[in-house]
Amino acid sequence: MDTADIEAKVIQFIATKVENLDASTINRSSKFEELGLDSMDTIQLLFDAEDAFGMSFDSEEAKGFSCVGDIVSYIEKHQAPAAP
Amino acid sequence: MQVVVTGMGVVSPIGIGTDEFWAAAVKGTSGIRNIASFDSSGLRTRIAGEVVGFDPASFLSAKYIEQTDRFTQLALLATCLALEDAGGLDAYTPQRLAVSVGSGMGGFGTFESSALRKFRNQPVPPFTVPRIMANAAAAWIAIKHRLKGVNLTCSTACSSGANAIGVALDLLRAGRADAVIAGGAEACVLPLTINSFEILHALTTSSNDSPARASRPFAKGRDGFVMSEGAAMLILEREDRAKDRGAKMYARLAGYGQACDAAHIVMPDMNGQVAAMRGALEDAGLKPETVDYINAHATSTPLGDIVETRAIKSLLGDRAGNIAISATKSMIGHSIGASAAIGSIATIMALHTGTVHPTINLDEADPECDLDYTPNHAQQKNPRVGLCNAFGFGGNNASILFTTLE
């Protein structure tokens, strides 16, 4: 999956976490805090991403994530290789 | 001080909303079908009472759906319907609005699906615990409607809903709340849950090919209950306050009786059942001779229906054969913690409309079940005092008493 697809998917997951959040206002530099994501929402977001991209986050590294781009970059680096 | 029912909401296998539910109940409609929500081919019981046409996305945001188990979603819909029926509770301050919900199993669907993931070495969803916990439904009802008063959950197996309503009566009498949303919710048409009740020989296994005939309380040859799901909520208020705000009133919640068998963990005991019914009458200041309708617990197990019949005879003596009894579970199956809340709505509607819904599938009664169970056809009986029985595992017996307003 390329960067744009990963980003779109992550944004779609975020939009379901917060009531009345317009997905079109979210971009790579959006901070979780500004979007209204609480710590449980962030944990759920990582879970959604693990399921969707067939990878897992290192919990220590994930603690440092603060914006959408942090997650997208991590997934890019660690996503399961595409099936041949 | 009197307590009245000013709103009702029900989500059941025979209809969503009181009008749809009651019309189907009076007609004697069965809501038992082949299980649709999962592959039941490995089970001996492959039928259940599932709520059809329930779409959580029609009234809940993606966030609510992600963070809630089905039992909470059913409870939230029943609550919305009940509040709408009552015209809202804006007349009260949020701190004086309480919630009292019964659920035997809580978010067991989430437990089963998360356990399956764990055993497959997949990550467990973060909201597993908040979805499973028994008080999740009560908590989400409060969150959705900003109800900041007492928030309680009764988990007493099959009598959970009755106890939740009884506790609500106590809260109002004690002055701990001005209005209470009270009822029950259950969503346990699930593989592990059904298998576990099968192991206890509690479920019918003879009717997979004729689901509508499967749940047959008091009938000769019955062989167990049918698992079902649903939710029902009542809006309960002090009568004087309800009148002040001009609320419509369906019936009075007049008494609550509770007794534990303190004998066997799953086998019913007649004395505990009599004590619960007698307790509800004493609580209401009424004598047994005033009772003219009983919404029976009647799950369709061989032993349970006989024991309840004997208990009613013990309570009412010679009058037992003269009053109307009916079994809501003959149509919807056994929705565990929701069952007495749904049965309460059937009882209230009997008092409100004068019609007693039938016990279906009762062509030939068990010789040991020889009372008037309103077989197969509804009857106009105009009852004024109705008991709703709920007897749960743990020897937990609860009976709640409703009366007409006059």
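Since this is a predicted model, take the numbers as computed values, not measurements.

This part covers the overall build of chain B. Helix and strand content of chain B: 13 helices and 15 strands. A compact globule built from 406 residues would reach a C-alpha radius of gyration of about 22 Å, and chain B, at 19 Å, matches this within 12%. The principal-axis extent of the C-alpha atoms belonging to chain B is close to 60 × 50 × 40 Å. Counting across all 406 residues of chain B, residues that qualify as buried make up 61%. Sequence-distant contacts in chain B: of pairs separated by 6 or more residues, those separated by 24 or more amount to 78%.

If you want to describe how two helices pack, look at the angle between their axes and the distance between the axes. Residues and elements named next belong to chain B. Axis separation between helix α4 (residues 108–119) and helix α8 (residues 191–199) bottoms out at 8 Å; the angle between their running directions is 105°. Taken as axis vectors, α4 and α8 run roughly perpendicular relative to one another. Counting all contacts with α4, which are made through Phe-108, Phe-111 and Glu-112, the residues of α8 involved are Pro-191, Leu-192 and Thr-193. Taken together, the residues that form the contact of α4 with α8 break down as four nonpolar, one polar and one charged.

Residue and element names in this part refer to chain B. Under the UniProt annotation, the feature "active site" (unreviewed entry) is placed at Cys-158. Counting through the fold element by element, Cys-158 comes out in the loop between β6 (151–154) and α7 (160–173). Contacts of Cys-158, omitting those with residues within four sequence positions, involve His-297, His-334, Ile-336, Ser-339, Ala-390, Phe-391 and Gly-392.

Take the environment of Ala-98 of chain B next. Residues and elements named next belong to chain B. Here Ala-98 shows up in strand β5 (residues 97–102). Of the residues examined, Ala-98 reaches a relative accessible area of 1% and is grouped as buried. On a C-alpha basis, the gap between Ala-98 and Ala-168 in space is 8.1 Å, while along the polypeptide they are 70 residues apart. Sequence-distant contacts of Ala-98, defined by excluding residues within four places in its chain, comprise Gly-149, Val-150, Leu-171, Ala-177, Ala-179, Val-180 and Ile-181.

Note on soluble globular proteins: their nonpolar side chains tend to be buried together. Counting residues in hydrophobic clusters, the biggest one holds 46 residues, and the most contacted among them are Leu-234 and Leu-236 of chain B. Non-local contacts of Leu-236 of chain B, meaning those with residues more than four positions away in its chain, are made with Val-3, Val-4, Val-5, Ile-165, Ala-168, Leu-172, Asp-178, Ala-179, Val-180, Ala-182 and Leu-253 of chain B.

Attention now goes to helix α10 (residues 270–284) of chain B. A turn of α-helix holds 3.6 residues, and therefore any two residues three or four places apart point the same way. Residues and elements named next belong to chain B. The first and last C-alpha atoms of α10 sit 22 Å apart over 15 residues, in line with the 21 Å expected at 1.5 Å per residue. Three or more residues of α10 are buried, namely Gly-272, Gln-273, Val-274, Ala-276, Met-277, Gly-279, Ala-280 and Leu-281. Where α10 is buried, its residues meet β9 (251–260), β10 (293–295), α11 (302–316), β14 (385–392) and β15 (396–403). For α10, the capping residue at the N-terminal end is Asp-269, with a side-chain oxygen 3.1 Å from the backbone nitrogen of Asn-271. Two residues or fewer past α10, Gly-285 is found with a positive phi of approximately 70°.

Turning to the layout of surface pockets, a few remarks are in order. All names here are of chain B. In this structure, the largest pocket spans a volume of roughly 480 Å³. For the lining of the largest pocket, the per-class residue count stands at 13 nonpolar, 10 polar and three charged. When residues of the lining of the largest pocket are assigned to domains, at least three fall in each of domain 1 (3–245) and domain 2 (255–403). Counted as a void, the second largest pocket has a volume near 270 Å³. Forming the walls of the second largest pocket are 18 residues, and the residues nearest its centre are Ser-37, Arg-70, Val-189, Leu-190 and Glu-229. Counting only elements with at least two residues in the lining of the second largest pocket, the list comes to α3 (70–85) and α4.

Residue and element names in this part refer to chain B. For the pair helix α1 (residues 18–27) and helix α13 (residues 339–353), interaxial distance at closest approach is 11 Å and the crossing angle is 80°. Considering the angle they form, α1 stands roughly perpendicular to α13. Residues Thr-18, Phe-21 and Trp-22 of α1 pack against Ile-342, Ile-345, Ala-346, Met-349, Ala-350 and Thr-353 of α13. Among the residues forming the contact of α1 with α13, the class breakdown is seven nonpolar, two polar and no charged.

A few words now on α13 of chain B. All names here are of chain B. Over its 15 residues, α13 extends 21 Å from the first C-alpha to the last, a length consistent with the 21 Å expected when each residue adds 1.5 Å. Burial runs high along α13: 13 of the 15 residues are buried. One or two residues past the end of α13 sits Gly-354, with phi positive at roughly 85°.

Calculation notes
Residues numbered from 1 in each chain as written. Chains lettered and ligands numbered in written order. Predicted model: local features only at pLDDT ≥ 70, side-chain atom pairs only at ≥ 80, totals over all residues. Heavy atoms only, no water. Helix = DSSP H or I, 4+ residues; strand = E, 2+ residues; numbered from the N terminus. Rg over C-alpha atoms; globule rule 2.2 N^0.38 Å. Buried < 20%, exposed > 50% of the residue type's maximum accessible area, 1.4 Å probe, protein only. Contact = heavy atoms within 4.5 Å. Axes fitted to C-alpha atoms, helices over the stretch in contact; angles between N-to-C directions. Parallel < 35°, antiparallel > 145°, perpendicular 65-115°, else oblique. Nonpolar A, V, L, I, M, F, W, Y, C, P; charged D, E, K, R; others polar. UniProt positions renumbered as here; feature names shortened; annotations may be inferred. Core = buried A, V, L, I, M, F, W, Y, C linked by side-chain atoms within 4.5 Å. Expected span 1.5 Å × (residues − 1). Polar contact = N/O pair within 3.5 Å; in protein donor to acceptor, adjacent residues only side chain to side chain. 1 Å grid on protein atoms, 1.4 Å probe; cavity = no way out; pocket = protein on both sides within 12 Å on 5 of 7 lines; lining within 4 Å. Points joined across faces, edges and corners; volume = space filled by probe spheres on them. Domains from an automatic or database assignment.

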